[in-house]
Amino acid sequence: RDAANAGRSVSVFASDLRKRLARSRAIEDGLWASRAGAGISLLYQPKVEIHSGRVTGVEALMRWSHPELGAISPAEFIPVAERTRTINPLGEWLIRESLRQQADWRRDGMDLSMAINISPVQLLVEPSHASVLEILVDECARLDLDRRKVELEITEGMLTDERAMVQVRRLADAGFSIGIDDFGRDHSALSLLVESPANTLKIDKSFVDNVLRNPRQATIIRFITELAHDLGMRTVVEGIEHIRQLVAVAGAGCDYGQGYFYYRPMCAGRILDLRQAA
Ligand code: C2E
Ligand code: MG
Ligand code: MG
Ligand code: MG
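Residues numbered from 1 in each chain as written. Chains lettered and ligands numbered in written order. Predicted model: local features only at pLDDT ≥ 70, side-chain atom pairs only at ≥ 80, totals over all residues. Heavy atoms only, no water.

(A) Structural view of the overall build of the protein. For the protein, the helix and strand inventory stands at 11 helices and 9 strands. Against the globule reference of 19 Å for 278 residues, the protein gives a C-alpha radius of gyration of 20 Å, in line with a compact fold. With the principal axes as the frame, the protein shows a C-alpha extent of 60 × 50 × 40 Å. Considering the protein as a whole, with its 278 residues, one finds that 45% of them fall into the buried category. A separation of at least 24 residues holds for 68% of the contacts in the protein among residues at least 6 apart in sequence. Carbon together with sulfur atoms contributes 52% to the accessible area of the protein, which is approximately 14,300 Å² in total. With 35 positive and 38 negative side-chain charges, the protein shows a separation of 5 Å between the mean positions of the two kinds. (Helix = DSSP H or I, 4+ residues; strand = E, 2+ residues; numbered from the N terminus. Rg over C-alpha atoms; globule rule 2.2 N^0.38 Å. Buried < 20%, exposed > 50% of the residue type's maximum accessible area, 1.4 Å probe, protein only. Contact = heavy atoms within 4.5 Å. Areas by Shrake-Rupley, 256 points an atom, 1.4 Å probe, with all protein chains shown as cover. Lys, Arg positive; Asp, Glu negative; His and termini not counted. Charge placed at Lys NZ, Arg CZ, Asp CG, Glu CD.)

Here it is, written out as structure tokens:
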């Protein structure tokens, strides 16, 4: 019986793997076919200053509608785009589109910061292509945007990637803000923060998820925030869904919050409805 079960689970595994491979290939083909920007849209999730409740900025989040598979989460298609290098044209489109939007909102009376997720692959682009730095500098000049109000979100894994960090330092030296995304999700070496050029630490949602169940989580959040402040950084807490979570992280001294409790990611047009909150 055990052998029969084992045989069955191997074949289930094999067919599951086949399905996943087929899906991944369909995503890959779709990404190539979509070219930069086609079928891709951006949503914006507001970032709120906790003590005042003011909306001070937004984070751009990609959405993609696949011709056959329908809506696909960036958590699924970004890794494929990274592996196939389609992230480079996609990322360039994202930068131009989100900065144009930021300039449009400013013209309409909302001066918001713009957070853009940057994948490490984009920083290691071949020399024949325009670098992320060049694209950002050009667009900010053309649109007359304040570079400090453009925040590039990198993941903590990149802190140990020497080649990527050379580029991150150049971006920081050029005056762009740097945020460390999902901080604490993986094995964080706190010592890496000392050398990092980041202005912001985004504390991973997993801390907030557990904050009500285990009060010691709040202690950790307070500790990370105090450390960040001592190093000259601000903290953003991601994934706040309930008011009691907000109360807990506010008590821990965090500067900014993001999450469904405040606002879900929304289309650009709806951001102007928040003008009174800005
Ligand atoms: P991230 O940068 O950490 O973005 C936060 C994710 O958490 C977003 O998911 C957002 O919709 C979700 N979120 C925000 N508040 C809440 C909440 O209160 N509850 C819950 N359950 N979720 C919340 P999304 O948009 O699916 O993005 C997932 C990840 O995909 C992002 O994580 C980011 O790493 C990546 N990503 C998204 N857009 C881009 C992009 O344009 N470029 C790159 N390189 N990566 C992107
Ligand atoms: Mg992010
Ligand atoms: Mg994040
Ligand atoms: Mg996260």
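So that's the structure; there's more coming.
(B) Examining the pairing of strand β5 (residues 150–155) more closely. When you tally the buried positions in β5, you get 5 out of 6 residues, the bulk of the element. Direction of pairing for strand β4 (residues 113–117) relative to β5: parallel, over a ladder of 4 bridges. When the sheet's bridge partners are listed, Asn-117 is paired in β5 with Glu-153. The pairing of β5 with strand β6 (residues 177–183) spans 5 bridges and is classified as parallel. Across the sheet, Leu-152 pairs through a bridge with Ile-178, a residue of β6. Between the parallel elements β5 and β6, the chain passes through helix α6 (residues 162–173) in a crossover that is right-handed. (Pairing = 2+ DSSP bridges. Right-handed = clockwise from strand over helix to strand, strands pointing away.)

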